[in-house]
Amino acid sequence: MNAKDKVITTAVANGDMPFAVAMAGNAKGIAYHGAAGDAAPGRKAAADTVFRIFSMTKAVGSTAAMILVDRGKLDVDTPVEAILPEFAKIQVIERFDGDKPVMRAPRRKATIRHLATHTSGLAYEFWNADVPRYMAATGHPTILSGTKASMFYPMVCDPGTRWEYGISIDWLGQVVEKIDGRRIDRFLQEEIFGPLGMTDTACEVQDHMKDRLAAVSARGGDGKFAPFELAPPSQPEFYGMGHTLYSTATDYMTFLRLFLNKGTLNGHKVLSEQGVERMLGDHMNGLTFDKMTTIAPAVTADVDIFPGVRKTHSFGFVRNEADIPGMRSAGSQSWAGVCNTHYWFDPKKDIAAVIMTQSLPFLEPPFARTYEAYEKAVYAEGVA
């Protein structure tokens, strides 16, 4: 048993994860895959296990937008409302008068770049206490309702002033639809999934995927995992590029390897080399990724990636700006999905990897320790 296998099998045996699928590879291909535990009752976790990847969708939606940038059809500094006029209705929460939110117009217009870097001022209800307070006061639906009305979350700060993690990429997906004319699921299939051979990635669980879908678990007060129902809305009014996709570790590794191969994979050019270089650069205009402090600990722990290391955001990913000893290099890109599906890729060292399960809370300490141990094992042993 190699060190990577030992990390995931030990984690599952210890109850740190309900099950695990892990892969690592490089530009040439997937060199390692391992699995441990049962992905669903009576079904072992495997390379073809299907996951709700939630926010791992964001990088795919951002890539869709970068395809349009690459083709000269979209400028990253265009105001969102110039493409989607309805975006201009969104206002900033100034304060609360009792339970009533007092709103004002934003002091600057949010741009495509603001959406891609989560600096638009839009925040999820799990990360900014003003948002659930606003939702309770107004009856505003959660983005997971899948309704068009749910997109109109308020801003919690002016665009371009700070990192606030929220529904920005859902709006970015709508920008792609408006400019291109195809619905986003068709765009993804024809421009990304089809060319790359990602046959197990889709906005809905396809018939050939159903018997491989993993079950979600949540850690209870007794410290043990129990079944928990959580999934993107099926047949929604719009497919939100913040959360909607299902995929496998194998397919997502293919997506990550696209970037290690500078935009062309298996003979299919999805982005130009210049487009990839532009996408992976720092797009935050001097701002940084900030520690995310949870207000919903049953759903997620705090997110403080590599404390003390400067982190920014590219057009699709969180980007670390310094080498991490024994781990990823400066310029590496990463993110995750709320049910603990995680990935990173390191262009400098030609490494991409995933470690995936289906559990809550997100990035709870046992999982965070496992992720760190797995990454160290990947760099110590190599991807094979």
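Residues numbered from 1 in each chain as written. Predicted model: local features only at pLDDT ≥ 70, side-chain atom pairs only at ≥ 80, totals over all residues. Heavy atoms only, no water.

Thoughts on the sheet that holds strand β12 (residues 311-313)
Within the open sheet, the eight strands sit side by side as β3-β2-β1-β16-β15-β14-β13-β12. Their pairing is antiparallel. The open sheet has two edge strands with one neighbour each: β3 (43-44) and β12. Inspection of the sheet shows strand β14 (residues 333-337) paired to strand β15 (residues 341-346) by five bridges, in the antiparallel sense. Across the sheet, the residue bridging to Ser334 is Trp344, located in β15. Packing against the sheet, helix α8 (residues 249-260) makes contact with β1 (19-26), β2 (29-40), β15 and β16 (351-356), and its axis sits at approximately 155 degrees to β16. (Pairing = 2+ DSSP bridges. Helix = DSSP H or I, 4+ residues; strand = E, 2+ residues; numbered from the N terminus. Contact = heavy atoms within 4.5 Å. Axes fitted to C-alpha atoms, helices over the stretch in contact; angles between N-to-C directions.)

Overview of the packing of helix α2 (residues 57-70) against α8
For the pair α2 and α8, interaxial distance at closest approach is 12 Å and the crossing angle is 45 degrees. By the angle between their axes, α2 is oblique relative to α8. As α2 runs across α8, the sense of the crossing is left-handed. When α2 is examined against α8, the residues Ala59, Val60 and Thr63 are found in contact with a partner set consisting of Tyr252, Phe255 and Phe259. (Parallel < 35°, antiparallel > 145°, perpendicular 65-115°, else oblique. Left-handed = near helix turned anticlockwise from the far one by under 90°.)

Side note on the nonpolar core
Core analysis: the biggest nonpolar cluster contains 122 residues, and Leu188, Ile192, Phe259 and Tyr374 have the highest contact counts within it. For Ile192, the contacting residues outside a window of four places in its chain are Val60, Thr63, Ala64, Ile67, Phe187, Met198, Phe255 and Val270. If you look at the next biggest cluster of nonpolar residues, it comprises five residues, including Val216, Ala218, Cys339 and Leu360. (Core = buried A, V, L, I, M, F, W, Y, C linked by side-chain atoms within 4.5 Å. Buried < 20%, exposed > 50% of the residue type's maximum accessible area, 1.4 Å probe, protein only.)

Section: the environment of Gly275
Summarising the element assignment, Gly275 is placed in helix α9 (residues 273-280). You can call Gly275 buried: its relative accessible area is 3%. Note: C-alpha distance between Gly275 and Phe54 (221 residues apart in sequence) is 25 Å.

Details of the side chain of Thr119
The residue Thr119 is located in the loop between α4 (112-117) and α5 (130-138) in this model. A polar side-chain atom of Thr119 sits 2.8 Å from a polar atom in the side chain of Thr117. Every residue in contact with Thr119, bar those within four places of it in the chain, is listed here: Arg113, His114, Pro159, Gly160, Thr161, Arg162, Trp163, Met284 and Leu287. (Polar contact = N/O pair within 3.5 Å; in protein donor to acceptor, adjacent residues only side chain to side chain.)

Points about unusual backbone geometry
Between Leu360 and the following residue, Pro361, the backbone shows a cis peptide bond with an omega angle of 0 degrees. Summarising the element assignment, Pro361 is placed in the loop between β17 (359-360) and α10 (365-381). Although it is not a glycine, His118 sits at a positive phi angle of roughly 60 degrees. With respect to the helices and strands, His118 occurs in the loop between α4 and α5. The phi dihedral of Asn340 is positive, around 65 degrees, even though this residue is not glycine. Summarising the element assignment, Asn340 is placed in the loop between β14 and β15. For Asn340, a relative accessible area of 0% corresponds to the buried category.

Considering the packing of aromatic side chains
Enumeration over the complete set of coordinates arrives at 21 aromatic pairs. With a centroid separation of 6.2 Å and 75 degrees between ring planes, the pair formed by Trp163 and Trp335 is classed as edge-to-face. Remark: Trp335 occurs in strand β14 and Trp163 occurs in the loop between α5 and α6 (168-180); sequence separation between them is 172 residues. On the basis of relative accessibility, which here comes to 6%, the residue Trp163 falls in the buried class. (Phe/Tyr/Trp six-rings, centres within 6.5 Å; stacked < 30°, edge-to-face > 60°.)

Regarding the packing of α2 against α9
Packed helix pairs are characterised by how far apart their axes lie and by the angle those axes make with each other. Their axes nearest at 10 Å, the elements α2 and α9 cross at an angle of 130 degrees. What the angle tells us is that α2 and α9 run oblique. Here the hand of the crossing between α2 and α9 comes out right-handed. Between α2, through Ala59, Ser62, Thr63, Met66, Val69 and Asp70, and α9, the contact on the second element is made entirely by Gly275, Arg278 and Met279. Classifying every residue of the contact of α2 with α9 gives four nonpolar, three polar and two charged. (Nonpolar A, V, L, I, M, F, W, Y, C, P; charged D, E, K, R; others polar.)

A short note on the pairing of β2
Inspection of the sheet shows β1 paired to β2 by eight bridges, in the antiparallel sense. Its bridge partner being in β2, Phe19 is matched across the sheet by Gly37. Taken together, β1 and the strand that follows it, β2, pair antiparallel across an intervening segment of two residues. In this sheet, β3 lies alongside β2 in antiparallel orientation, the contact comprising two bridges.

Focus: the sheet that holds strand β8 (residues 225-227)
Read from one edge of the open sheet, three strands run β8-β7-β17, paired in mixed fashion. On the outer flanks of this sheet lie β8 and β17, each paired with one strand and no other. As defined by bridge partners, strand β7 (residues 217-219) adjoins β17 across two bridges and the pair is classed as parallel. Opposite Ala218, over in β17, you have Leu360 as the bridge partner.

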